[in-house]
Amino acid sequence: MYRATVNEKDTFDIDFPSGQPTLNGEPFAWDLVPLNDRQFHILHQNRSFVAELLELDPAEKSVTLRINQGIHTIKLKDRFDLLLAQMGMESTNKARINEIKAPMPGLILSINVQVGDTVQKGDTVLILEAMKMENVIKAPGESTIKSIRVQRGESVEKNQVLIDFA
C-alpha cells in the first residue's frame, strides 16, 4: 500500500491487491500510453490527459508532473514510511546527505554554486545534460558546499560524486 499526497493537500491510498490498482479502495481503471520517455497519454472516465514528467526525486519519494496545464507534486509513502509515522519515528528515516551523485551519465552544462556557498533544500546546484535533456540537480537540504568535484563541460558517469557538503 502507498499513500500519495498531491500538492501537500489531497491524500489518496493506492494499493494493488490483485495486480489491478485501487484508489481509496475503489478500482482505478485507466489507459496509459507512453508518448516518449517523459510524456504519457492517459484516458480515465472518458477524459483525456497528457502527463509530462518534470522532476523525479527518489530520495524524497516525490514526482512533479504537468497534467494538461496544471503542475502537480506527488509525494509517496510506502508501507514502511507509514509504519514509521504510526510509531512516531517519521523524521528518523531522513539521513543526512553529505554529497550529490550523478543520477545518470551526462555532461555538466553549468554549476550554480561555489565552495563555501550555503544552499537551501531545492536550490539548483548544477545542470546535467543527459539524453538531450537538461536535468536540474537540486540541493537535498540546507548545507554548505565543501567541494565541487566536476567542472563545466565535463562528462560524468552514473553515481559519480559531483558535490560534497560540509
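Refer to the structure presented above.
As the structure is a computational prediction, the values presented were derived from the model and not from experiment. Along every chain, residues carry numbers that run from 1 in the direction the sequence is written. Confidence filtering applies because this is a predicted model: local features only for residues at pLDDT of at least 70, side-chain atom pairs given and counted only at 80 or more, and all residues used for totals across whole chains, interfaces and linings. The side-chain numbers reported here are obtained from all heavy atoms of the structure, hydrogens and water having been left aside.

**Here's the deal with the nonpolar core**
Consideration 1: Grouped together as the largest cluster of nonpolar side chains are 16 residues, with contacts concentrated most on V125, L126, L162 and I163.
Consideration 2: Secondary structure is summarised from DSSP: a helix means a run of H or I of at least four residues, a strand means a run of E of at least two, and numbering begins at the N terminus for each. For this core, the secondary structure elements donating two or more residues are β13 (124-130) and β17 (161-165).
Consideration 3: Working definition of a nonpolar core: buried Ala, Val, Leu, Ile, Met, Phe, Trp, Tyr and Cys residues. They are joined through side-chain atoms within 4.5 Å. Throughout this description, buried means an accessible area under 20% of the type-specific maximum (1.4 Å probe, protein chains only), exposed means over 50%, and partly exposed covers the range between. Counting residues in hydrophobic clusters, the runner-up holds 6 residues, among them A4, V63, L65 and I74.

**Here we look at the pairing of strand β1 (residues 2-6)**
Consideration 1: Any two strands between which DSSP finds at least two bridges are classified as paired. Bridging between β1 and strand β2 (residues 10-15) involves 5 bridges; their strand directions are antiparallel. In the sheet register, Y2 faces β2, and the bridge partner there is I14.
Consideration 2: Hairpin connection from β1 to β2: 3 residues lie between these consecutive antiparallel strands, with N7 at a positive phi of about 55°.
Consideration 3: The sheet contact formed by β1 and strand β9 (residues 70-77) spans 4 bridges and is antiparallel. Looking across to β9, one finds that A4 is bridged to L76.

**Overview of the side chain of D78**
Consideration 1: Here D78 lies in the loop between β9 and α1 (79-86).
Consideration 2: Here a residue-residue contact requires only that any non-hydrogen atoms of the pair lie within 4.5 Å. If near-sequence neighbours (up to four positions away) are discounted, D78 is found in contact with M1, Y2 and K61.

**Structural notes on unusual backbone geometry**
Consideration 1: One non-glycine residue with positive phi stands out, namely N68, at about 55°.
Consideration 2: Examined against the element boundaries, N68 turns out to sit in the loop between β8 (62-67) and β9.
Consideration 3: Relative accessible area serves as the criterion here: at 34%, N68 is assigned to the partly exposed category.
Consideration 4: The backbone of M131 shows a phi angle near 50°, a positive value even though the residue is not glycine.

**Regarding the sheet that holds β8**
Consideration 1: Read from one edge of the open sheet, 9 strands run β4-β3-β2-β1-β9-β8-β7-β6-β5, paired in antiparallel fashion. Edge positions in the sheet fall to β4 (26-27) and β5 (31-34), since each has one partner strand and no second.

Read these as geometric descriptors, not functional statements.
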